[in-house]
Amino acid sequence: MNNIVAIVGRPNVGKSTFFNRLIQRRDAIVDSVSGVTRDRNYGKSEWNGKEFSVIDTGGYIKGSDDIFEGEIRRQVELAIDEADAIIFMVDVEEGITPMDDEVAKLLRKVTKPVLLAVNKVDNAMREKDAFEFYNLGLGEYYTIAGMNGSGTGELLDALVELLPELPDAVEEENPLPRFAVVGRPNAGKSSFINALIGEDRFVVTDIAGTTRDAIDTKYNRFGFEFNLVDTAGIRRKAKVKEDLEFYSVMRSIRAIEHSDVCILMIDATRGFEGQDQSIFWLAEKNRKGIVILVNKWDLVEKDTMSTRDYEARIRQEIAPFTDVPILFVSALTKQRLLKALETAVEVYENRKQRIATSKFNELMLPIIEHTPPPALKGKYIKIKYCMQLPTPTPQFVFFANLPQYVKDPYKRFIENKLRENYNFSGVPIDIYFRQK
């Protein structure tokens, strides 16, 4: 589990530029995944060896000039609830505005670490202008320039010092699968969970998770033992009416990072919307197993083809990662709930399966010989050896003489062949080509 850092402030003070700077260090290297930009408001960053998740609030605000203070206020309140540390960003060019005062008033009551960052300070004159921000009553400030990055080092040094120490993950003897039920508000997450655990709750223990929100509860139903990660939909805080998108993504992050398999609930009457998609990509980016449940299927007008067409539509939206189980359920009539659980357990098993290196080579090398990577600039790419890496999620490495010439389409071809021969349904796979 990572610490969560939220960047708050009124619009247009440079939060997103700073946010991009934070996550770029990693994004530029690691994420060659297509579809990363869909959730530009959430990323991972690290500084001095400490990893943390960053959330850019405000980036979600719809509407342009007529943004109400209430809207921002709600986001700040949510950030205060969820985050472990808060960076409050202000703009030296405009000085203190009434909206800044509002935010500062909220932040002064908070016990969590708050860092005041004065942005757009790129020369000595502006250094002097920054003094007025002492009036906000938040103590010391840090002057930065998000565009060229000056001053961000000092800010981040201070930030990682203040982040609470997280307890080390305790390795359990045989860990139970952790399932998180995620989805937009009102997709039927709570009814699904109530139907799963029944009214006579088989709660064996309540292991308090590392955070207030993710509490693992052990359940034993239908002969499966599993941990349910308690998520947002279950313990509702005050309802957020307008900013549903921000709310549900912010809530899902914790649940997703904490789970092994995400059960994504979709409301059949509404279809697979942008928000479902952003939660899906969040789970995919965190390399979690995914099962998609189309809930409220009993409310939909059906004919013989409706499930097939509906499924095809969803797969089109989530391409290129289409090898995901999609089930049509109804939490109300308890239709196919057992199947949903079975599938989630199966995805969990798929995610931790290991393939013996010799068998893997026996299978993949003839395929590669038959369809080698296309030659580039007259150079032929030879792949002689491959293996699965000893990582918690399936990652495979292929050793080649010219790995830099292997392009994405070929990676996808290899991934498809892998999925044809092994059952990796619902599990994101990483494939690397390395110099032999």
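What you see is a predicted model; the values in this text were computed from it and never measured. (Residues numbered from 1 in each chain as written. Predicted model: local features only at pLDDT ≥ 70, side-chain atom pairs only at ≥ 80, totals over all residues. Heavy atoms only, no water.)

Thoughts on the overall build of the chain
Next, step 1: Scanning the chain from N- to C-terminus turns up 12 helices and 16 strands.
Next, step 2: With 436 residues in all, the chain has 53% of them scored as buried.
Next, step 3: Carbon and sulfur atoms make up 51% of the accessible area of the chain, which totals about 20,700 Å². (Helix = DSSP H or I, 4+ residues; strand = E, 2+ residues; numbered from the N terminus. Buried < 20%, exposed > 50% of the residue type's maximum accessible area, 1.4 Å probe, protein only. Areas by Shrake-Rupley, 256 points an atom, 1.4 Å probe, with all protein chains shown as cover.)

Quick word on helix H8 (residues 274–285)
Next, step 1: For H8, which comprises 12 residues, the first-to-last C-alpha distance of 16 Å matches the rise-based estimate of 16 Å (1.5 Å per residue) to within 8%.
Next, step 2: Where burial is concerned, most of H8 is hidden: 11 out of the 12 residues are buried.
Next, step 3: Within the span of H8, buried status applies to Gln275, Asp276, Gln277, Ser278, Ile279, Phe280, Trp281, Leu282, Ala283, Glu284 and Lys285. (Expected span 1.5 Å × (residues − 1).)

Notes on the pattern of salt bridges
Next, step 1: Summed over the entire model, instances satisfying the criterion amount to 14 salt bridges.
Next, step 2: Two residues, Arg287 and Asp430, come together in a salt bridge whose shortest N-O distance is 2.7 Å. Of this pair, Arg287 sits in the loop between H8 and strand E12 (289–295) while Asp430 sits in strand E16 (residues 430–435), placing them 143 residues apart in sequence. Both residues of the pair, Arg287 and Asp430, belong to the buried class.
Next, step 3: Arg419 is the salt-bridge partner of Asp323, the closest N and O atoms lying 3.2 Å from each other. Linking Asp323 in the loop between helix H9 (306–318) and strand E13 (326–328) with Arg419 in helix H12 (residues 408–421), this pair joins segments that are 96 residues apart in sequence.
Next, step 4: Of the residues examined, Asp323 reaches a relative accessible area of 24% and is grouped as partly exposed.
Next, step 5: Accessibility expressed as a relative area gives 13% for Arg419, which makes it buried.
Next, step 6: Taken together, the shared-partner salt bridges in this structure form one network comprising Glu93, Asp122 and Arg126. (Salt bridge = Lys/Arg side-chain N within 4 Å of Asp/Glu carboxyl O.)

Focus on unusual backbone geometry
Next, step 1: Here the bond from Ala319 into Pro320 is cis, since omega is 5°, no more than 30 degrees from zero.
Next, step 2: As for its placement among the helices and strands, Pro320 is situated in the loop between H9 and E13.
Next, step 3: Even without being a glycine, Asn48 presents a positive backbone phi close to 50°.
Next, step 4: In this fold, Asn48 is placed in the loop between strand E2 (42–47) and strand E3 (50–56).
Next, step 5: Residue Asn48 is classed as exposed on the basis of its relative accessible area of 59%.
Next, step 6: Backbone geometry at Arg336 places phi at a positive 60°, although glycine is not the residue there.
Next, step 7: Within the secondary structure, Arg336 is located in the loop between E13 and helix H10 (337–351).

Here we look at the packing of aromatic side chains
Next, step 1: All told, the structure shown has 14 aromatic pairs when counted by the stated rule.
Next, step 2: The interplanar angle of 75° and the centroid separation of 5.4 Å between the aromatic rings of Trp297 and Tyr310 together place this pair among those described as edge-to-face. Here the residue Trp297 occupies a position in the loop between E12 and H9, and Tyr310 occupies one in helix H9, the gap between them amounting to 13 residues.
Next, step 3: The exposure class assigned to Trp297 is buried, which follows from its relative accessible area of 3%.
Next, step 4: Note on Tyr310: relative accessible area 8%, which makes it buried. (Phe/Tyr/Trp six-rings, centres within 6.5 Å; stacked < 30°, edge-to-face > 60°.)

Looking at the side chain of Thr391
Next, step 1: The topology assignment puts Thr391 in the loop between strand E14 (383–388) and strand E15 (395–400).
Next, step 2: Look at Thr391 and you get buried, because its relative accessible area is 19%.
Next, step 3: Looking at Thr391, its side chain comes within polar contact range of the main-chain oxygen of Thr393, at 2.7 Å. (Polar contact = N/O pair within 3.5 Å; in protein donor to acceptor, adjacent residues only side chain to side chain.)

Quick word on the confidence of the model for the chain
For residues with low pLDDT, the predicted coordinates do not support detailed interpretation.
Next, step 1: Per-residue confidence for the chain gives a mean pLDDT of 79; residues scoring 70 or more make up 79%.
Next, step 2: Low pLDDT, under 50, characterises residues 25–40; the stretch is placed with 25 contacts to residues that sit more than four places away or in other chains. (pLDDT = per-residue confidence, 0-100. Contact = heavy atoms within 4.5 Å.)

Here's the deal with the pairing of E15
Next, step 1: Counting buried positions along E15 gives five out of six residues, so the element sits mostly inside the fold.
Next, step 2: Inspection of the sheet shows E14 paired to E15 by five bridges, in the antiparallel sense. Bridging across to E15, Gln388 finds its partner in Phe396.
Next, step 3: Alignment of E15 against E16, held across six bridges, turns out to be parallel. Bridging from a neighbouring strand, Gln395 pairs with Asp430 of E16. (Pairing = 2+ DSSP bridges.)

Examining the sheet that holds E14
Next, step 1: In space, the three strands of this open sheet follow the order E14-E15-E16, with mixed pairing throughout. Each of the sheet's edge strands pairs with one partner strand only, and the pair in question is E14 and E16. Averaged over all adjacent pairs, the angle separating strand axes in this sheet is 20°, with direction ignored.
Next, step 2: The strands that helix H11 (residues 357–370) touches are E14 and E15; relative to E14, the one it contacts most, it runs at about 140°.
Next, step 3: Its contacts with the sheet put H12 on E14, E15 and E16, and the angle it makes with E16 is roughly 125°. (Axes fitted to C-alpha atoms, helices over the stretch in contact; angles between N-to-C directions.)

Concerning the pairing of E12
Next, step 1: Along E12, seven of the seven residues are buried, which leaves the element largely enclosed by surrounding structure.
Next, step 2: Side chains Gly289, Val291, Leu293 and Asn295 project from E12 onto one buried face, and the interleaved Ile290, Ile292 and Val294 project onto a second face that is buried too.
Next, step 3: Each parallel crossover has a hand, and for strand E11 (residues 261–267) linked through H8 to E12 it is right-handed.
Next, step 4: Taken together, the three bridges between E12 and E13 define a ladder with parallel strand orientation. The residue bridging Ile292 from the neighbouring strand is Ile326, located in E13. (Right-handed = clockwise from strand over helix to strand, strands pointing away.)

Considering the nonpolar core
Next, step 1: Counting 52 residues, the largest nonpolar core has Phe88, Leu107, Phe280, Ile292 and Ile314 as the members making the most contacts within it.
Next, step 2: The leading source of residues in this core is H8, at five residues.
Next, step 3: No fewer than three residues from each of domain 1 (3–162) and domain 2 (178–352) sit in this core.
Next, step 4: Sequence-distant contacts of Phe280, that is, excluding residues within four places in its chain, are made with Leu264, Phe272, Ile290, Ile292, Ile318, Phe321 and Val324.
Next, step 5: Grouped together as the second largest cluster of nonpolar side chains are 27 residues, Phe224, Val329, Ala331 and Val347 included. (Core = buried A, V, L, I, M, F, W, Y, C linked by side-chain atoms within 4.5 Å. Domains from an automatic or database assignment.)

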